[in-house]
Amino acid sequence: VAADGRWLAIAEEGFYGVAVRRPNGQPDLDLSWLDLSWSVSLSPGGETVAFSNGHGGANYTVVTRRLDGSPISTLGEGEALGFSPDGAWIAAKIPTPAQLVVYPTGAGAQRALERGSIERYEAAEWFPDSRGLLFTASEPARPLRSFRQSIDGGPPQPVTPEGIYGTLSPRGDRILAQDGDVNWRLYPLDGGEPRPVAGLGRLEEIAAWSPDGKTLAIGRRYLDDRFTRGKQLYLMNPDDGSVRELL
């Protein structure tokens with residue numbers, strides 16, 4: 001406020017949206033619903049998106065919308081976590097009280113997965129058979145770790161040590177995660193010993209697995225005085241450590 005009574009105010013507005021880039025020079029299609037749409041995923045058939053609607057109440061809502069721009073369809077409470085590989089289900093987490101649920105994309109009833117001792121849910125991804133989820137969660141006063149659980153019933157089962165959680169391979173047989181020393185390892189889900197990934201260092205970020213599970217897309221950060229100065233993109237075979245640069 002100035003001495004003569006004039007004053008200056010600053011207003012900030014945030015927007016979280018969903019858009020589709022279409023081929024052949026067609027204009028982008030905005031599929032956002034109002035100004036709070038996030039955690040989008042595309043259906044396996046490529047005709048529908050699912051996302052979180054921030055205007056759906058205290059726990060948000062999971063909605064779907066067809067790529068033709070038709071109005072949203074609301075499935076229920078929660079934040080969207082993605083379509084199952086067969087397109088029959090959409091996983092979601094409800095913040096309060098913490099709950100993991102799956103919503104059918106067609107006829108049927110939603111399923112609330114047994115919580116067991118879980119206190120907080122984070123990310124989740126589907127197993128390739130569409131019958132179970134790998135998710136990151138924590139129990140009371142304990143660090144995050146990876147769990148697996150069937151959508152057909154039964155309690156969650158921990159599959160990594162406490163403090164370790166990662167991403168599922170496309171074949172659903174192993175998890176890529178950093179251990180307590182920030183070293184990358186592959187954790188088999190059959191109970192075997194974790195194996196280090198040769199050539200994958202602490203500054204690497206995992207972008208994605210290839211569909212066949214044989215290649216990782218990696219981003220490597222270059223640091224200068226502890227600030228990121230650039231990033232190199234390359235492909236890596238996690239089994240033998242061989243790499244191919246992209247950028």
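The structure under discussion appears in the preceding block.
Residues numbered from 1 in each chain as written. Predicted model: local features only at pLDDT ≥ 70, side-chain atom pairs only at ≥ 80, totals over all residues. Heavy atoms only, no water.

A.B. asks: Is there a simple way to think about the overall build of the protein chain in this case?
C.D. replies: Scanning the protein chain from terminus to terminus reveals 0 helices and 22 strands. Counting only C-alpha atoms and orienting by the principal axes, one finds that the protein chain spans roughly 65 × 55 × 50 Å. Taken over 247 residues, the protein chain has a buried fraction of 37%. A sequence separation of at least 24 residues applies to 26% of the contacts in the protein chain between residues at least 6 apart. Separation between the mean location of the 25 positive side-chain charges and that of the 32 negative ones in the protein chain comes to 3 Å. (Helix = DSSP H or I, 4+ residues; strand = E, 2+ residues; numbered from the N terminus. Buried < 20%, exposed > 50% of the residue type's maximum accessible area, 1.4 Å probe, protein only. Contact = heavy atoms within 4.5 Å. Lys, Arg positive; Asp, Glu negative; His and termini not counted. Charge placed at Lys NZ, Arg CZ, Asp CG, Glu CD.)

A.B. asks: Mind showing me how you'd approach the pattern of salt bridges here?
C.D. replies: Counted under the stated rule, the structure contains 11 salt bridges. The salt bridge involving Arg111 is made with Asp152; its shortest N-O contact spans 2.9 Å. A residue pair is termed long-range when its members are at least 10 positions apart, and Arg111 in strand E10 (residues 111-112) and Asp152 in the loop between strand E13 (145-150) and strand E14 (157-158) qualify at 41 residues. The class of Arg111 is partly exposed, set by a relative accessible area of 29%. Where Asp239 meets Arg174, a salt bridge forms, and the shortest distance between an N and an O atom there is 2.9 Å. Of this pair, Asp239 sits in the loop between strand E21 (227-236) and strand E22 (243-245) while Arg174 is found in strand E16 (residues 174-178), placing the two residues 65 residues apart along the sequence. The buried category is assigned to Arg174, whose relative accessible area is 11%. Counted as one network, the salt bridges with shared partners bring together Arg111, Arg131 and Asp152. (Salt bridge = Lys/Arg side-chain N within 4 Å of Asp/Glu carboxyl O.)

A.B. asks: Help me understand the sheet that holds strand E8 (residues 89-94) in this model?
C.D. replies: Each strand in a sheet pairs with its neighbour through backbone hydrogen bonds, running either in the same direction (parallel) or in the opposite one (antiparallel). Pairing in this open sheet of 4 strands is antiparallel, and the strands run E7-E8-E9-E10 from one edge to the other. On the outer flanks of this sheet lie strand E7 (79-83) and E10, each paired with one strand and no other. Judged from the 4 bridges that link them, E7 and E8 form a sheet pairing that is antiparallel. If you follow Glu79 over to E8, its bridge partner there is Lys93. (Pairing = 2+ DSSP bridges.)

A.B. asks: Sorry, what's going on with the sheet that holds strand E11 (residues 120-126) here?
C.D. replies: One open sheet holds the 4 strands; their spatial order is E11-E12-E13-E14, and the pairing between them is antiparallel. Edge positions in the sheet fall to E11 and E14, since each has one partner strand and no second. When E13 meets E14, the two strands line up antiparallel, connected through 2 bridges. Across the sheet, Phe147 pairs through a bridge with Pro158, a residue of E14.

A.B. asks: Looking at this structure, I do not really get the nonpolar core. What am I missing?
C.D. replies: The nonpolar side chains of soluble globular proteins are, as a tendency, buried together. Among the nonpolar cores identified, the biggest contains 16 residues, and Leu100, Val102, Tyr121, Trp126, Leu133 and Phe135 are the most heavily contacted of them. Apart from residues lying up to four places away in sequence, Val102 is in contact with Trp89, Ile90, Ala91, Gln110, Arg111, Leu113, Trp126, Leu133 and Ile151. Judged by nonpolar contacts, the second largest core, of 10 residues, contains Leu176, Leu200, Leu216 and Ile218. (Core = buried A, V, L, I, M, F, W, Y, C linked by side-chain atoms within 4.5 Å.)

A.B. asks: Hey, could you run me through the layout of surface pockets in this one?
C.D. replies: In this approach a probe as big as a water molecule rolls over the atoms, and the regions it shows empty are the leftover space. Within this model, the largest pocket holds a volume of roughly 210 Å³. Of all elements in the fold, only E7 and E11 reach the threshold of two or more residues within the lining of the largest pocket. If you tally residues by element for the lining of the largest pocket, the top one is E7, at 3 residues. For the lining of the largest pocket, the class distribution of residues is 8 nonpolar, 2 polar and 1 charged. The space that makes up the second largest pocket amounts to roughly 160 Å³. Lining the second largest pocket, in full, are Ser43, Pro44, Gly45, Glu47, Thr48, Thr64, Leu75, Phe83, Gly87, Ile90 and Thr105. Considering only residue class, the lining of the second largest pocket consists of 4 nonpolar, 6 polar and 1 charged. (1 Å grid on protein atoms, 1.4 Å probe; cavity = no way out; pocket = protein on both sides within 12 Å on 5 of 7 lines; lining within 4 Å. Points joined across faces, edges and corners; volume = space filled by probe spheres on them. Nonpolar A, V, L, I, M, F, W, Y, C, P; charged D, E, K, R; others polar.)

A.B. asks: Before we go on, may I ask you to explain the environment of Leu113 in this structure?
C.D. replies: Assignment of secondary structure puts Leu113 in the loop between E10 and E11. Taking the C-alpha atoms as reference points, Leu113 and Gly153, 40 residues apart in sequence, are found 6.9 Å from one another. Contact partners of Leu113, with chain neighbours within four places excluded, come to Gln99, Leu100, Val102, Leu133, Gln149, Ser150 and Ile151.

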